[in-house]
Amino acid sequence: MASAMDVDAPAAAATASGAAGAGPSSSKSANYMLPWVEKYRPTRIKEIVGNVEAVSRLQVIAGEGNMPNIILAGPPGTGKTTSILCLAHELLGPNFREAVLELNASDDRGIDVVRNKIKMFAQQKVTLPPGRQKIIILDEADSMTSAAQQALRRTMEIYSSTTRFALACNQSSKIIEPIQSRCAIVRYAKLSDKELLARLLHVCQAEGVAHTPDGLEAVVFTADGDMRQALNNLQATSNGFGLVNAESVFRVCDQPHPKLISAVVQHCMEARIDDAYEGMRALCDLGYSASDIITTLFRVVRNFGGMNEYLKLEYVKQIGFTHMRISDGVNSRLQLSGLLAELCQLTIKAAA
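Residues take numbers from 1 onward in each chain, read along the sequence in its written order. Local features in this predicted model are restricted to residues of pLDDT 70 or higher, and side-chain atom pairs are both shown and tallied only at a pLDDT of 80 or more, whereas totals for entire chains, interfaces and linings draw on every residue. Calculation of side-chain values draws on the structure's entire complement of heavy atoms; hydrogens and water are dropped beforehand.

> Looking at this structure, how should I read the packing of aromatic side chains?
Any two aromatic rings considered together are summarised by their centre-to-centre distance and by the angle between their planes. Two aromatic rings, drawn from Phe, Tyr or Trp (for Trp, its six-membered ring), form a pair once their centres lie within 6.5 Å of each other, and the interplanar angle then sorts them: stacked below 30 degrees, edge-to-face above 60, tilted otherwise. Following the criterion strictly, the structure yields one aromatic pair and no others. An angle of 65° between the planes, with centres 6.3 Å apart, marks the rings of Phe221 and Phe250 as edge-to-face. Within this pair, whereas Phe221 is found in helix H11 (residues 213-223), its partner Phe250 is found in helix H13 (residues 246-253), the two being separated by 29 residues in sequence. Of the two residues, Phe221 and Phe250, both sit in the buried class. Directly above the ring of Phe121 sits Lys134, whose terminal nitrogen or CZ lies 5.5 Å from the centroid. The ring of Phe221 has Arg299 lying over it, and the distance from NZ or CZ to the ring centre is 4.2 Å. Numbering of helices and strands starts at the N terminus; helices are DSSP runs of H or I of at least 4 residues and strands are runs of E of at least 2. Each residue's exposure class comes from its accessible area (1.4 Å probe, protein chains only) as a fraction of the maximum for that residue type: buried when under 20%, exposed when over 50%, partly exposed otherwise. Both a distance and an angle decide whether a charge sits over a ring: NZ of Lys or CZ of Arg must be within 6 Å of the ring centre and within 35 degrees of the ring normal.

Dropping the structure here:
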């Protein structure tokens, strides 16, 4: 849930729709059409789901009002941009619109933008409460060019008395060292299945979504710790099928069904290479990419019941090596076939 959008968007969307002459029901229809990932975006720091320690650090900053330059690093959909927006709202209140500049990955953020747009905003005079500074939010900061980051470093120094920078990125290692040393780094992790499920139940209750337990379990499985993905999958399944069950979720998300992958793993545990290969070939013939298959295979093996710990560790190690080779572009079908042979051999060795 880390895409950039003002939390006043529902009201703004309704106003814009009314101005266009949509009639009295325009406000209701605009709110109805809003993606759930935006409709249920937290507006206060305490409402953010997961990453309790990171969120508590931001609450301390909001309470004291002394915000440093910060880098929020972590996987997509864990609430990085949402956290920055909530923090900015709590620090600036009604001055949010004029005292915040937000740039995301869709904007050109080369060195010219840093020298002109960011620098001009930092130079602007804005009347703020004592102890408050303007905030510049750079989403997906790890996609900025090296030259732009070098220029940004100097800008951060010059305007440190009036402006604070908040950078959201997936990998902090792609941010140059001089910027990292000028920022407090807050790390976000993937959300747990329990945290995702609690939020999904809340949204289902608010929207009146018909669902089954295995349907929500499937949504959590496909999201893999990404709240944005979970809400999008839930909404797409609800709108497309009316009922959120496991079968409809996997059809909407177009991911290999875990039951089919589990059958392949079971054949490997019984050292039946021919049956395992037939199951894998069927998945490939359905059009699933090797990357999707290997990712789902890892998650199935990780949670597979009835497998001793040593064998599971060996399976995961071989799956990891194969995933690395597939990511490098090596022949996918051949790599998957070789993986099945390795897994069957591991079973035979463990049984000997």
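> Whenever I open this one, helix H14 (residues 258-269) confuses me. Can you help?
The span expected for a helix works out to 1.5 Å for each residue beyond the first. Here H14 is twelve residues long and its end C-alpha atoms lie 16 Å apart, about the 16 Å a rise of 1.5 Å per residue gives. Among all positions of H14, only Pro258, Ile261, Val264, Val265, His267, Cys268 and Met269 are buried. Positive backbone phi, at 60°, marks Ala271, one or two positions downstream of H14.

> For this particular structure, what's the right way to read the packing of helix H10 (residues 193-207) against helix H12 (residues 227-241)?
Packed helix pairs are specified by the crossing angle of their axes together with the interaxial distance, meaning the distance between the axes. Inter-axis angles, ranging from 0 to 180 degrees, are taken between N-to-C directions of lines fitted to C-alpha atoms, where helices are fitted over the stretch in contact. Running from N to C, H10 and H12 cross one another at 35°; their axes reach a closest spacing of 11 Å. The hand of the H10/H12 crossing is right-handed. Contacts between H10 and H12 involve Glu195, Leu196, Arg199, Leu200, Val203 and Cys204 from the first element and Met227, Ala230, Leu231 and Leu234 from the second. Residues that form the contact of H10 with H12 fall into these classes: eight nonpolar, no polar and two charged. Here a crossing is called left-handed whenever its near helix is offset anticlockwise from the far helix by less than a right angle, and right-handed whenever the offset is clockwise. Any pair of residues with heavy atoms lying within 4.5 Å of one another is described as a contacting pair. Residues are sorted three ways: Asp, Glu, Lys and Arg are charged, Ala, Val, Leu, Ile, Met, Phe, Trp, Tyr, Cys and Pro are nonpolar, and all the rest, Gly among them, are polar.

> Just checking my understanding: could you explain the domain arrangement of the chain for this structure?
How big an interface is tends to be stated in terms of the accessible area lost upon association of its parts. Either an automatic procedure or a domain database provided the assignment from which the domain bounds are taken. Under the domain assignment used here, the chain contains domain 1 (36-187), domain 2 (193-253) and domain 3 (258-351). Of note, the centres of domain 1 and domain 3, computed from C-alpha atoms alone, are 42 Å apart.

> Hey, could you run me through the pattern of salt bridges in this one?
Two side chains of opposite charge can pair, provided their charged atoms sit close to one another. In what follows, salt bridge is the name for a side-chain nitrogen of Lys or Arg lying within 4 Å of a carboxyl oxygen of Asp or Glu. Applying the stated criterion to the full structure yields twelve salt bridges. Between Glu278 and Arg281 there is a salt bridge, with the nearest N and O atoms lying 2.6 Å from each other. Of this pair, Glu278 and Arg281 both sit in helix H15 (residues 273-285), three residues apart, which is roughly one turn of the helix. Given a relative accessible area of 40%, Glu278 falls into the partly exposed group. Between Asp285 and Arg281 there is a salt bridge, and its shortest N-O distance comes to 3.0 Å. Pair noted here: Asp285 and Arg281 are both in helix H15, with a separation of four residues, about one helical turn.

> Whenever I open this one, the environment of Arg132 confuses me. Can you help?
On the secondary structure map, Arg132 appears in the loop between helix H7 (111-123) and strand S3 (134-138). Of the residues examined, Arg132 reaches a relative accessible area of 27% and is grouped as partly exposed. The spacing of Arg132 and Thr162 is 30 residues in sequence and 8.0 Å in space, taken between C-alpha atoms. Contacts of Arg132, omitting those with residues within four sequence positions, involve Gly65, Leu91 and Leu92.

> Would you mind showing me how to read the side chain of Arg164 here?
With respect to the secondary-structure elements, Arg164 resides in strand S4 (residues 163-169). The convention is simple: Lys and Arg are positive, Asp and Glu are negative, and His and the chain ends are not counted. The buried charged residue Arg164 lacks any salt bridge partner; its closest oppositely charged side chain belongs to Glu64, at an N-O distance of 12 Å. Reaching out from Arg164, the side chain makes a polar contact with the backbone oxygen of Met67 at a distance of 2.6 Å. For Arg164, the side chain forms a polar contact with the main-chain oxygen of Ser160, separated by 2.3 Å. With residues up to four places along the chain from it excluded, the contact list for Arg164 reads Met67, Pro68, Asn69, Gln133, Lys134, Ile135 and Ile136. Any N or O atom pair separated by 3.5 Å or less is treated as a polar contact, with the protein-specific requirement of one donor-capable and one acceptor-capable atom, and with residues adjacent in sequence counted only for side-chain atom pairs.

> Just checking my understanding: could you explain the environment of Arg115 for this structure?
Relative to the helices and strands, Arg115 resides in helix H7. When the C-alpha positions of Arg115 and Leu152 are compared, they lie 8.1 Å apart, and in sequence the two are 37 residues distant.

> Whenever I open this one, the sheet that holds strand S5 (residues 184-187) confuses me. Can you help?
Adjacent strands of a sheet pair through backbone hydrogen bonds, lying either parallel or antiparallel. Within the open sheet, the five strands sit side by side as S2-S3-S4-S1-S5. Their pairing is parallel. A single partner strand is all that each edge strand has here, and the edge strands are strand S2 (100-103) and S5. Between one strand and the next, the sheet's axes are offset by a mean angle of 15°, whatever the strand orientation. Contacts from helix H4 (residues 52-64) reach strand S1 (70-73) and S5, with the element oriented near 140° to S5. At least two DSSP bridges between two strands are needed for those strands to be called paired.

> How should unusual backbone geometry be read in this particular structure?
Most peptide bonds adopt trans geometry, and most residues besides glycine take a negative phi value. Here the phi dihedral of Asp224 falls at roughly 55°; this positive angle occurs in a residue that is not glycine. By the element assignment, Asp224 lies in the loop between H11 and H12. A positive phi is found at Ala271, a non-glycine position, where the angle reads about 60°. With respect to the helices, strands and loops of the structure, Ala271 is situated in the loop between H14 and H15.

> Teacher, can you tell me more about the nonpolar core here?
One broad trend across soluble globular proteins is that nonpolar side chains are buried collectively. Only buried residues count toward a nonpolar core. Its members are Ala, Val, Leu, Ile, Met, Phe, Trp, Tyr and Cys residues joined through side-chain atoms within 4.5 Å. The biggest cluster of nonpolar side chains holds 52 residues, and the ones touching the most others in it are Val265 and Tyr315. Those residues in contact with Val265 that lie beyond four places of it in its chain are Leu297, Val300, Val301, Phe304, Met307 and Tyr315. Within the second largest apolar cluster, 27 residues are counted, among which are Ile61, Ile70, Ile84 and Ala168.

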